[in-house]
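# Observations on chain architecture
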Amino acid sequence: KAGVTQTPRYLIKTRGQQVTLSCSPISGHRSVSWYQQTPGQGLQFLFEYFSETQRNKGNFPGRFSGRQFSNSRSEMNVSTLELGDSALYLCASSEAAPEGYGYTFGSGTRLTVV
Amino acid sequence: GQNIDQPTEMTATEGAIVQINCTYQTSGFNGLFWYQQHAGEAPTFLSYNVLDGLEEKGRFSSFLSRSKGYSYLLLKELQMKDSASYLCAGLNQAGTALIFGKGTTLSVSS
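This section reports on the structure supplied with the text. For clarity, every value in this text was computed on a predicted model and none was experimentally measured.

### Examining the nonpolar core
Core analysis: the biggest nonpolar cluster contains 21 residues, and Trp34, Leu46, Phe64, Met76 and Tyr89 of chain A have the highest contact counts within it. Taken together, the elements giving at least two residues each to this core come down to strand S3 (19-24), strand S4 (31-38), strand S5 (42-50), strand S8 (74-78), strand S9 (87-94) and strand S11 (109-113) of chain A. With near-sequence residues (within four places) excluded, Phe64 of chain A lies in contact with Gln36, Leu46, Phe47, Lys57, Met76, Asn77, Val78, Asp85 and Tyr89 of chain A. Formed by 20 residues, the second largest nonpolar core is a distinct cluster that contains Ala12, Leu75, Leu106 and Val108 of chain B.

### Details of the state of the cysteines
Within this structure, the stated rule accounts for two disulfides over all chains. Note that Cys23 of chain A is cross-linked by a disulfide to Cys91 of chain A, the S-S spacing being 1.7 Å. Its S-S torsion of approximately -55° makes the covalent link between Cys23 of chain A and Cys91 of chain A left-handed. Taken together, the residues span a long stretch of sequence, with Cys23 of chain A in strand S3 and Cys91 of chain A in strand S9 at a distance of 68 residues. A residue is classified by how much of its surface remains accessible, and Cys23 of chain A, at 0% relative accessible area, is buried. Here Cys22 of chain B connects covalently by a disulfide to Cys88 of chain B, the sulfurs 2.0 Å from one another. The sign of the S-S torsion, about -70°, decides the handedness of the disulfide formed by Cys22 of chain B and Cys88 of chain B: left-handed. On the criterion of sequence distance, the pair formed by Cys22 of chain B in strand S3 (residues 18-24) and Cys88 of chain B in strand S9 (residues 84-92) is long-range, its members being 66 residues apart.

### Considering the interface of chain B and chain A
Taken together, the contact between chain B and chain A spans 18 residues of the former and 21 residues of the latter. Carbon and sulfur atoms supply 57% of the area that chain B and chain A bury against each other, a total of about 1600 Å² over both sides. Counting the surface chain B buries against chain A, the share from its top three residues, Thr96, Phe100 and Lys102 of chain B, is 30%. In this assembly, chain B and chain A are joined by six residue pairs in polar contact (both at pLDDT 80 or more). Elements supplying a minimum of two residues to the side of chain B that touches chain A: strand S4 (29-37), strand S5 (44-49), S9 and strand S10 (98-100) of chain B. Top contributing element to the side of chain B that touches chain A by residue count: S4 of chain B, with four residues. Residues that form the side of chain B that touches chain A fall into these classes: 11 nonpolar, six polar and one charged.

Rules used in this analysis
- Residues numbered from 1 in each chain as written.
- Chains lettered and ligands numbered in written order.
- Predicted model: local features only at pLDDT ≥ 70, side-chain atom pairs only at ≥ 80, totals over all residues.
- Heavy atoms only, no water.
- Core = buried A, V, L, I, M, F, W, Y, C linked by side-chain atoms within 4.5 Å.
- Buried < 20%, exposed > 50% of the residue type's maximum accessible area, 1.4 Å probe, protein only.
- Helix = DSSP H or I, 4+ residues; strand = E, 2+ residues; numbered from the N terminus.
- Contact = heavy atoms within 4.5 Å.
- Disulfide = S-S within 2.5 Å.
- Buried area = accessible area lost by both parts, 1.4 Å probe.
- Polar contact = N/O pair within 3.5 Å; in protein donor to acceptor, adjacent residues only side chain to side chain.
- Nonpolar A, V, L, I, M, F, W, Y, C, P; charged D, E, K, R; others polar.

Treat this as a map of the structure, not an account of what it does.
Set out below in structure tokens:
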């Protein structure tokens, strides 16, 4: 079974630009969630999608948005990039109920904002 | 809030046993996860506790006390490859988000 695939692996953007990150979940997984990981704050929840519906959103500004497609693939978008958005963005997928085995994470997209 | 606290760093020697503690506010979580993350890699699932007690899985065990808001991960017969960050995470009641602690970096030396 293929794992969670995130593209691109690395990205360098300039302040003020926008960026779109992509995540393909494990086949059959309908829940996709996104996390931001920084050295100072650790892993912080961004949002979660299930069957194309956002079920939960973390405490991030509106510049962070996402969506999920009918094939469960998901994208997240960050507009008007700031230096503080530099981070590892991790996508995770699970079956409908994550209890028991939790989420499977992708290798992440390393975003650097200069 | 739903803060999760764990020590920042720990060190141990090969062959030893180490216990990584995690404390959290007692309400708001539907189970507790432990993940391992090697530098530059994705977090990988280690264990999940939803009921009180000890779950054993090979060299790794995890314990949960819901009334005390306390969990620990026990690693036995430490190996150099166990050097990694260990993340404690609570699953929110709706089952839609993991709330992570900041992670414990474990360094295993020979």
